[in-house]
Amino acid sequence: MSASLAKCRVGFVWSPNLETFDFGTKHPIKVGRFLMVKEFLEETEFLAQPNVITIQPKLLSKSLLNRIHSQEYLKKVQRISETGEGEIDIDTPGFKGIYYNANITSGATLAGVEAVATGKVGHAVSPTGGFHHARFEGGGGFSIFNDVAASVFHLREKGFKRILIADFDVHHGNGTQTYFYSDPDVMHISFHEDPEWMYPHDGFIEDIGDGRGLGYNINMHFPMDSGDSVYTYAFDEIVPPLIESYRPEFVIFIPGFDAHYKDPLAHMTLTTEAIRYVTEQIHDAAHTWADGKLVVLAGGGYHRDSFRWGIGTVMSVVTGHEYQPPPQEPPFDDDEETWTIVRENVKRIKELVFPTLGIPGDW
Ligand SMILES: [Zn+2]
Ligand SMILES: [Zn+2]
């Protein structure tokens, strides 16, 4: 990273209102999750840096909510919110006030997007964002309102074209994919664990978009126990040529803390080294193509260490403030079988997508 990039102005979106949720004590999203992040970023002095400001979340506008979700679904969330009875989906229980919480945690993403779009900050980091499983007609996978889709619609109204969604959460961004599957004004790249066994069982390599959006939806999936080497290999082979050909005007990035080896819900074996590498590349790409316009949404991450080390790593890249997580030892190295599958997946993506997008080369 060059010295000039180290001075980027960064907005961290936070308010105690983000903690107004209660999925129950056995749920992977624990109360205190966002308070912990804020305290960690205070301890590590990120929030005291002169180039870091705190941004207050806002509620989503009615028109954006109506754009991203059906009336029927919004009424359902409202009903659950009033009584505290019922569920959004089997893995996403309801609670009293869930409508407000979903609204403010998604609105946090929009506050970050707005701050970047207007040039108030160069980058924004929203720890609550990345509800990529929510669809027009419903939620699930801990996602209630799709803040990623809301961000894209908002940016379009502001005149932004060619928006890149770089989603490295270990689960496929299935909800987000549905909004933009035929849309060449959004490039959606999702790196995730194999949907054959992994929630949400969607996001196969062959799903490359349709109509005018053909080639702009890219799904790369990994076998379980995939670690840093195969992951960064796949990144280098696929992502830079895609970004270079697309020349995005705005970048929305989900780093994938739940692909870390300590995560209890997934089976990948990344360390924060891979997370740092991917973040550096995406940050550089945002500066090269999008005038630095980058919003980072934390997405999943269900182990205390992976979530804190991950967000520290991301903040370190985007703010230039030094932070090194403790040494990490994943339980496996990438073996020959993993390499074979990953090489094959990369090859299939290149064969399917690159000629469609006119990316030159011998695939
Ligand atoms: Zn920067
Ligand atoms: Zn996830």
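Residues numbered from 1 in each chain as written. Chains lettered and ligands numbered in written order. Predicted model: local features only at pLDDT ≥ 70, side-chain atom pairs only at ≥ 80, totals over all residues. Heavy atoms only, no water.

## A word on the sheet that holds strand E8 (residues 217–222)
Part 1: With parallel pairing, the 8 strands of this open sheet are ordered in space as E2-E1-E5-E10-E9-E6-E7-E8. In the strand order of this sheet, the two ends are held by strand E2 (52–55) and E8, each with one partner. Shown here is a sheet whose adjacent strand axes are inclined to one another by a mean of 15°, direction ignored.
Part 2: Pairing between strand E6 (residues 163–167) and strand E7 (residues 186–193): 5 bridges, direction parallel. Opposite Ile163, over in E7, you have Val186 as the bridge partner. (Pairing = 2+ DSSP bridges. Helix = DSSP H or I, 4+ residues; strand = E, 2+ residues; numbered from the N terminus. Axes fitted to C-alpha atoms, helices over the stretch in contact; angles between N-to-C directions.)

## Some details on the coordination of the zinc ion (ligand 1)
Part 1: Within the protein, the zinc ion (ligand 1) binds to Cys8 (SG), His123 (NE2), His283 (NE2) and His287 (NE2); these donor distances fall in the range 2.0 to 2.1 Å.
Part 2: With 4 donor atoms in place around the zinc ion (ligand 1) and angles of 100 to 134° between them, the coordination shape is tetrahedral.
Part 3: In primary-sequence terms, the residues that donate to the zinc ion (ligand 1) follow C-x114-H-x159-H-x3-H. With His123 in strand E5 (residues 123–126) and His283 in helix H8 (residues 272–289), the pair connects residues that are 160 residues apart, well separated along the chain. Each member of the pair His123 and His283 is classed as buried. (Donors = N, O, S within 2.8 Å, 3.2 Å for Na, K, Ca; no water. Tetrahedral: all angles 85-135°; square planar, octahedral: opposite > 155°, others 65-115°. Buried < 20%, exposed > 50% of the residue type's maximum accessible area, 1.4 Å probe, protein only.)

## A look at empty space enclosed by the protein
Part 1: For the coordinates displayed, the defined rule picks out 1 cavity of 30 Å³ or more.
Part 2: The calculated volume of the largest cavity comes to roughly 40 Å³.
Part 3: As for the largest cavity, its lining consists of Phe168, Tyr231, Pro255, Gly256, Leu270, Ala274, Ile275 and Val278.
Part 4: The element contributing the most residues to the lining of the largest cavity is H8, with 3 residues.
Part 5: A per-class count over the lining of the largest cavity returns 7 nonpolar, 1 polar and no charged. (1 Å grid on protein atoms, 1.4 Å probe; cavity = no way out; pocket = protein on both sides within 12 Å on 5 of 7 lines; lining within 4 Å. Points joined across faces, edges and corners; volume = space filled by probe spheres on them. Nonpolar A, V, L, I, M, F, W, Y, C, P; charged D, E, K, R; others polar.)

## Side note on the packing of aromatic side chains
Part 1: Counting across every chain of the model gives 21 aromatic pairs.
Part 2: When the centroid spacing of 4.9 Å and the interplanar angle of 55° are considered together, the rings of Phe168 and Phe191 count as tilted. Linking Phe168 in the loop between E6 and helix H6 (174–180) with Phe191 in strand E7, this pair joins segments that are 23 residues apart in sequence. Each of the two residues, Phe168 as well as Phe191, counts as buried.
Part 3: The ring centre of Phe307 lies 4.1 Å from the NZ or CZ of Arg33, which sits over that ring.
Part 4: Directly above the ring of Phe153 sits Arg67, whose terminal nitrogen or CZ lies 4.2 Å from the centroid. (Phe/Tyr/Trp six-rings, centres within 6.5 Å; stacked < 30°, edge-to-face > 60°. Lys NZ or Arg CZ within 6 Å of the ring centre and 35° of its normal.)

## Topic: the layout of surface pockets
Part 1: Counted as a void, the largest pocket has a volume near 390 Å³.
Part 2: Along the wall of the largest pocket there are 29 residues; nearest its centre are Ile29, Gly141, Phe142, Ser143 and Tyr302.
Part 3: Listed by contribution, the elements that provide at least two residues to the lining of the largest pocket are helix H1 (33–43) and helix H4 (98–117).
Part 4: In terms of residue class, the lining of the largest pocket is made up of 13 nonpolar, 12 polar and 4 charged.
Part 5: Taken as a whole, the second largest pocket spans an internal volume of roughly 150 Å³.
Part 6: Considering the residues around the second largest pocket, the lining is formed by Phe235, Val239, Pro240, Ile243, Glu244, Gln281, Asp284, Ala285, Thr288 and Trp289.

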